[in-house]
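Architecture at a glance
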Amino acid sequence: MDKNDAGAAQTESPKHLARVIGISVAAAVGGLLFGFDTAVINGAVDSIQADFDLSPSVLGFTVAITLLGCAIGAWFAGGLADRWGRKKVMVAAAILFAVNSAGSGYAFSEWDLMAWRLVGGLAIGTASVIVPGYIAEIAPTKWRGGLASIQQLAITVGIFAALLSDASLANAAGSAGAELWWGLAAWRWMLLVGVAPAVIYGILALVIPESPQFLIRAGRDAEAAGVLSRVSGVRDTDTRITQIRQSFQREDRASYRDLRGNALGLQPILWIGMAIAALQQLVGINAIFYYSTTLWKSVGFSESDSFTTSVITSVINVSMTFVAIFFVDRIGRRRLLLIGSVGMTVGLLAATLSFFQAEGTGDDITLPGAWGPVALVGANLFVIFFAATWGPVMWVTLGEMFPNRIRSIALGVATMVNWIFNFIVTLTFPWVSENLGLWVMYAAFTVFAVLSFIFVRTRLPEFMNKDLEDNTELRPV
């Protein structure tokens, strides 16, 4: 595709920018629910364990089963998006979010709770695929990185909202396990409040425009031209529609057979996508967010202080995401990821050394001397660099790296890998921490942070300033 032609065909006006930001924010409410539903269990986990008398392993599975649902949802979301359209899949995800929140809040046993959390996982996995893909398809090339980063900003806002909600409800009741309103414990209200944003997401999904790529594949060129003109600022819509159609290579809908290649049976670019998706989880970010309240209680913080510390960490996560939004289209994806890998390594190494000094066993451990503050600083330094780089930029890259024809299904596969490794980390964290020590878990995270630098430096291409239609080959680096 000729860059001059592309530039001539696009109007970069404040009106179009405002419109596409509004649409991206509306779509990213799915990301907010993604963050909210994954983190809301944080404040409830100890009370759930007490109410249902769960062993550490069963508790870990109760927390982690959502992630299995996420993997399943991610696997199917891409194909459904190509078959039904992006909007209908968003509405379906909103319904699943609402059902999960209501069912989890009224769960009567651990098995019932696990089932509802699995439903929630289907919703989260679906949203995690559909939102970055939709924003990448709707956004002008010049602003695509920043707009796609809104997805991660929404996730961090959702995490913050969940932790703040948990802390507020626990404080109102006296503790997470105490009765609050209508005879329900505070931890149940923590899960029930997710119904409200789910309803809002469903309404927003009904009013935003459909992706032009889907409309063109469905033969609805007139509608696609309207979206390209009103939202993306494209002047020569006929030329852009022709370019998008040519990028599909074939008119029939893509299938998983199209992902096959000569690199261990898959296309090289898919391996790269799956690798960065796995590494984003293997550095341990979600171990901090899922278990942060329990983690800080274990090293001497009170329940109230632990909630406060978790909320502070979440505020850092939200604010630093703006760094990525500002820089991702200025200095590039690769450079941000490399900077992030270095910063995460330093923070994780500090936490590893701190927890290596821990005294006591199981839940009864303390960090002597200055090691407690060092652990807190190290963990938050890690969050700062993750939130400014790997958190949003991984989603930006996945949303834009695959050719138009296979984007939805390839993004679904890579996102499924992300959720599988999220599940592995979440499930193993309690056992490793209790039996081998927190320092062992953090040491493993540190190793993967180093590996993330090496992988990006040697294998990941740069996608900044490239139109989606330029990705016509499933190429290696």
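Model, not experiment: these values are computed from the prediction. (Residues numbered from 1 in each chain as written. Predicted model: local features only at pLDDT ≥ 70, side-chain atom pairs only at ≥ 80, totals over all residues. Heavy atoms only, no water.)

1. A short note on the overall build of the protein
Secondary structure assignment for the protein yields 19 helices and five strands. The buried share among the 477 residues of the protein stands at 60%. Excluding contacts between residues fewer than 6 apart, the proportion of contacts in the protein whose partners are at least 24 apart in sequence is 81%. Element-wise, carbon and sulfur atoms account for 65% of the exposed surface of the protein, whose accessible area totals about 17,500 Å². (Helix = DSSP H or I, 4+ residues; strand = E, 2+ residues; numbered from the N terminus. Buried < 20%, exposed > 50% of the residue type's maximum accessible area, 1.4 Å probe, protein only. Contact = heavy atoms within 4.5 Å. Areas by Shrake-Rupley, 256 points an atom, 1.4 Å probe, with all protein chains shown as cover.)

2. Concerning the packing of helix H7 (residues 144–173) against helix H17 (residues 371–401)
Interaxial distance between H7 and H17 falls to 8 Å at its minimum, and their mutual angle equals 120°. With respect to H17, the element H7 is oriented oblique. The interaxial crossing formed by H7 with H17 has right-handed handedness. Across from Arg144, Gly145, Ala148, Ser149, Gln151, Gln152 and Ile155 in H7, the residues of H17 making contact are Phe386, Gly391, Pro392, Trp395, Val396 and Glu400. By residue class, the composition of the contact of H7 with H17 is six nonpolar, five polar and two charged. (Axes fitted to C-alpha atoms, helices over the stretch in contact; angles between N-to-C directions. Parallel < 35°, antiparallel > 145°, perpendicular 65-115°, else oblique. Left-handed = near helix turned anticlockwise from the far one by under 90°. Nonpolar A, V, L, I, M, F, W, Y, C, P; charged D, E, K, R; others polar.)

3. Considering the nonpolar core
Ranked by size, the top nonpolar core spans 138 residues in total, and within it Phe97, Tyr201, Phe382, Leu398 and Tyr442 carry the most contacts. Ranked by residues supplied to this core, first place goes to helix H18 (residues 407–435) with twelve residues. (Core = buried A, V, L, I, M, F, W, Y, C linked by side-chain atoms within 4.5 Å.)

4. Describing the environment of alanine 28
Here alanine 28 is to be found in helix H2 (residues 14–39). Along the chain, alanine 28 and alanine 127 lie 99 residues apart, while their C-alpha atoms are 8.7 Å from each other.

5. Section: the pattern of salt bridges
Scanning the model with the defined rule gives five salt bridges in all. Note that glutamate 137 is salt-bridged to arginine 86, the shortest N-O span being 2.9 Å. Taken together, the residues span a long stretch of sequence, with glutamate 137 in helix H6 (residues 110–138) and arginine 86 in helix H5 (residues 86–105) at a distance of 51 residues. Classification of glutamate 137 as buried rests on a relative accessible area of 5%. Where glutamate 223 meets arginine 220, a salt bridge forms, and the shortest distance between an N and an O atom there is 3.0 Å. Classification of glutamate 223 by relative accessible area gives partly exposed; the value is 41%. (Salt bridge = Lys/Arg side-chain N within 4 Å of Asp/Glu carboxyl O.)

6. Let's talk about the environment of threonine 66
By secondary structure assignment, the location of threonine 66 is in helix H4 (residues 56–84). Spatially, the C-alpha atom of threonine 66 lies 9.4 Å from that of tryptophan 419, the residues being 353 residues apart in sequence. With residues up to four places along the chain from it excluded, the contact list for threonine 66 reads Arg117, Gly120, Gly121 and Ile124.

7. Some points on the packing of aromatic side chains
One pair of aromatic rings is described through two measures. These are the centre distance and the angle between the planes. Across all of its chains, the model carries six aromatic pairs by this definition. Relative to phenylalanine 327, the ring of phenylalanine 326 has its centre 4.9 Å away and its plane inclined at 85°; by these criteria the two rings are edge-to-face. Residue class for phenylalanine 326 comes out partly exposed when judged on its relative accessible area of 43%. Relative accessible area serves as the criterion here: at 32%, phenylalanine 327 is assigned to the partly exposed category. Relative to tryptophan 439, the ring of phenylalanine 356 lies with its centre 4.9 Å away and its plane at 85°, an arrangement referred to as edge-to-face. Pair noted here: phenylalanine 356 is in helix H16 (residues 333–356) and tryptophan 439 is in helix H19 (residues 438–459), with a separation of 83 residues, a long-range link. Taking relative accessible area as the criterion, tryptophan 439 reaches 33% and is therefore assigned partly exposed. Each residue in the set Phe355, Tyr442 and Phe445 is aromatic and connected to the rest through ring pairs, giving one cluster. (Phe/Tyr/Trp six-rings, centres within 6.5 Å; stacked < 30°, edge-to-face > 60°.)

8. A closer look at the packing of helix H13 (residues 268–282) against H17
Axis separation between H13 and H17 bottoms out at 10 Å; the angle between their running directions is 155°. Here H13 is positioned roughly antiparallel relative to H17, judged by the angle of their axes. The crossing of H13 and H17 is left-handed. Contacts between H13 and H17 involve Ile269, Ile272, Gly273, Ile276, Ala277, Leu279 and Gln280 from the first element and Phe386, Trp390, Gly391, Met394, Trp395, Thr397, Leu398 and Met401 from the second.

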